[in-house]
Amino acid sequence: MDNPNRTIFDKSSSGKGGYCLPGASTDVSNHIPEKFLRRKKAFLPEITENEAVRHYNGLSVKNHHIDKGLYPLGSCTMKYNPKINDKTASYPGFAGLHPFQPESTAQGALELLFHLKELLAEISGMDDITLQPAAGAHGEFTALLMMRAYHIKNGNPRETVVFPDSAHGTNPASVALAGYKPVQIKSSEKGLVDVDALKEVMNENVAGFMLTNPNTLGLFEKDIIEIAEVCHSVDAQFYMDGANLNALLGRVKPGEMGFDIVHFNLHKTFSTPHGGGGPGAGALGFKKHLSPFAPVPAVAKAGDSFTLDYDKPDTIGRVHGFYGNFANLVRGYTYIRQLGLEGLRAVSKNAVINANYLREKLKEHYLLPHDRVCMHEFVISADRQKKKGIRTLDIAKRLMDFGFHPPTVYFPLIVSEAMMVEPTETESKAELDRFIEAMVQIDKEVDENPEMIKTAPHNTPVGRVDEGKAARELNVKWSPEE
Ligand SMILES: *Cc1c(COP(=O)(O)O)cnc(C)c1O
């Protein structure tokens, strides 16, 4: 049998070719200045076209991905990505556009961006949108720069930005990057913002408060109106980390909860692919008073045509090379148009029902520290299993043997041995039941066959790696010397 771990270089042999261009010369050396020519021939594999296809097809199924199976990665919203998104994104009129093309020749693309802004403003209850940020964290950073510009315009940039201890790590990182001092407040027993703790740190030196709603425990912040009032009493900007918008789509608008700014993760909520780290698409919604500080160019409408507006004297400038990750913006737009408002409402309904179904079934076997009806995700703990020598990490590894991507582990930090499960709306009950069965089976193995868990995974191309070494001595490149 063919060794599945043969590299493309193992399959190479001299003289094999993957192209067939009759009469074409591949010798370009006549046209390239001498100093740019390679001195040594590049070490490239020589294989046929079908070998190349098989090689990459093989690689594509070695890793887990959403087209292969359930991917309940909490906080990441790994939902199925409808293929129609890719179809529209690859329309020649979109895929073949050059970013320096004159506006008059890119009207369709600009119209799509303009319309996407309108849709996102409607969904979020915000006045204005920028599509430039390339991801959620980038949206946070952009928002913080806008807050700073706003406060400077009012005479004082202020010094700190506040967030709860359940916040995603990108929140404090963005705060620091924007030149503010991060201030963390403790969550209440119930896993929500402790409003008294917030009041204690809130003063006129606070530029803003960042909150994820529903929060990273999957719980809705029920004091949201009061929290907004506390912020606004000192004109601190109230920022919503919108990564969990999947729970609210078509039901609640961040703008109406009192938020001044919200970022979208189009690659989470609006189904643009993001397994493997990119490319993402951010987008940021904000209220009128922040509009003058938004990035340029802003896609705008002038009469019957669409333009790129650079005329914003107080802008923070550009945050992206061109206008945002255009192809992913097309995908997100397609998703929203395909579903319509009713479809979006069904998304949040099913995301929440699926999560609650799993939560109820799993809490018989795993500790559920915050036992409340959840939104689109919930956090269980392997504290009980840990007493018997099995940790969350082991359970995560073992889950791979059943064909599932593990949930997010050890986050949020306020739950020990945390497993954060987000099934999303795109999984059937049968698939959720398969996941429950696997989790129950693993819990049984904790007593009956702990070695099986400790040595997992057994069915993956690579077994358990030394994660410390893998992080410190990252080596993902094959080279001929090896
Ligand atoms: C994913 C996520 C982010 C960061 O978004 P990226 O698009 O990965 O940069 C921020 N906050 C929360 C709660 C998230 O889940």
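A short tour of the structure in this document, coming up.

Definitions and limits used
- Residues numbered from 1 in each chain as written.
- Predicted model: local features only at pLDDT ≥ 70, side-chain atom pairs only at ≥ 80, totals over all residues.
- Heavy atoms only, no water.
- Disulfide = S-S within 2.5 Å.
- Phe/Tyr/Trp six-rings, centres within 6.5 Å; stacked < 30°, edge-to-face > 60°.
- Helix = DSSP H or I, 4+ residues; strand = E, 2+ residues; numbered from the N terminus.
- Buried < 20%, exposed > 50% of the residue type's maximum accessible area, 1.4 Å probe, protein only.
- Lys NZ or Arg CZ within 6 Å of the ring centre and 35° of its normal.
- Arc of directions from axis to C-beta.
- Contact = heavy atoms within 4.5 Å.
- Near = heavy atom within 4 Å.
- Polar contact = N/O pair within 3.5 Å; in protein donor to acceptor, adjacent residues only side chain to side chain.
- Areas by Shrake-Rupley, 256 points an atom, 1.4 Å probe, with all protein chains shown as cover.
- Pairing = 2+ DSSP bridges.
- Right-handed = clockwise from strand over helix to strand, strands pointing away.

1. With respect to the state of the cysteines
Note on terminology: a disulfide is the covalent bond linking the sulfur atoms of two cysteines.
Item 1. According to the stated counting rule, one finds zero disulfides in the structure shown.
Item 2. Counting only cysteine sulfurs, cysteine 374 is the nearest neighbor of cysteine 76, a cysteine outside any disulfide, at a range of 17 Å.

2. So, the packing of aromatic side chains
Item 1. Overall, the coordinates contain 14 aromatic pairs when judged by the stated rule.
Item 2. Between the aromatic rings of phenylalanine 43 and tryptophan 478, the centroid separation amounts to 6.3 Å while the plane-to-plane angle is 25 degrees, which identifies the pairing as stacked. Here the residue phenylalanine 43 occupies a position in the segment before α1 (49-60), and tryptophan 478 occupies one in the segment after α15 (467-472), the gap between them amounting to 435 residues.
Item 3. You can call phenylalanine 43 exposed: its relative accessible area is 54%.
Item 4. Its relative accessible area of 32% is what places tryptophan 478 among the partly exposed residues.
Item 5. Ring centres of phenylalanine 264 and phenylalanine 270 lie 6.4 Å apart, and the angle between their planes is 45 degrees; this geometry places the pair in the tilted category.
Item 6. Assessed through its relative accessible area of 0%, phenylalanine 264 is described here as buried.
Item 7. Site record: aromatic cluster; members linked through ring pairs are Phe9, Phe43 and Trp478.
Item 8. A cation sits over an aromatic face here: arginine 148 above tyrosine 180, 4.4 Å from the ring centre.

3. Concerning helix α6 (residues 170-177)
Item 1. All of the buried residues in α6 are Asn171, Ser174 and Val175. The arc enclosing the buried residues of α6, seen along the axis, measures out at 105 degrees, which places them on a common side.
Item 2. The inward-facing, buried residues of α6 abut α5 (136-153), β2 (160-164), β3 (181-185), β4 (206-212) and β5 (237-241).
Item 3. At the C-terminal side of α6, glycine 179 shows a positive phi close to 85 degrees.

4. Examining the site of the ligand
Item 1. Neighbouring residues of the ligand: 13 residues in total, closest Ser75, Gly136, Asp241, His267 and Lys268.
Item 2. At 2.7 Å from an oxygen atom of the ligand is found a main-chain nitrogen or oxygen belonging to glycine 136.
Item 3. Between the ligand and alanine 137 there is a distance of 2.8 Å, counted from an oxygen atom to a backbone nitrogen or oxygen.
Item 4. Coverage of the ligand by the protein chains reaches 88% of its 380 Å² of free accessible surface.
Item 5. Contributions of two or more residues to the shell around the ligand are made by α5 and α9 (266-269).

5. Some thoughts on the pairing of β5
Item 1. With respect to burial, β5 is a largely interior element, five of its five residues being buried.
Item 2. Residues Gln237, Tyr239 and Asp241 of β5 are buried on one face, and the alternating residues Phe238 and Met240, pointing to the opposite face, are buried as well.
Item 3. Note: β4 against β5, five bridges, orientation parallel. Paired with methionine 210 across the strands is tyrosine 239, a residue of β5.
Item 4. Taken together, β4, helix α8 (residues 224-232) and β5 form a β-α-β motif whose crossover is right-handed.

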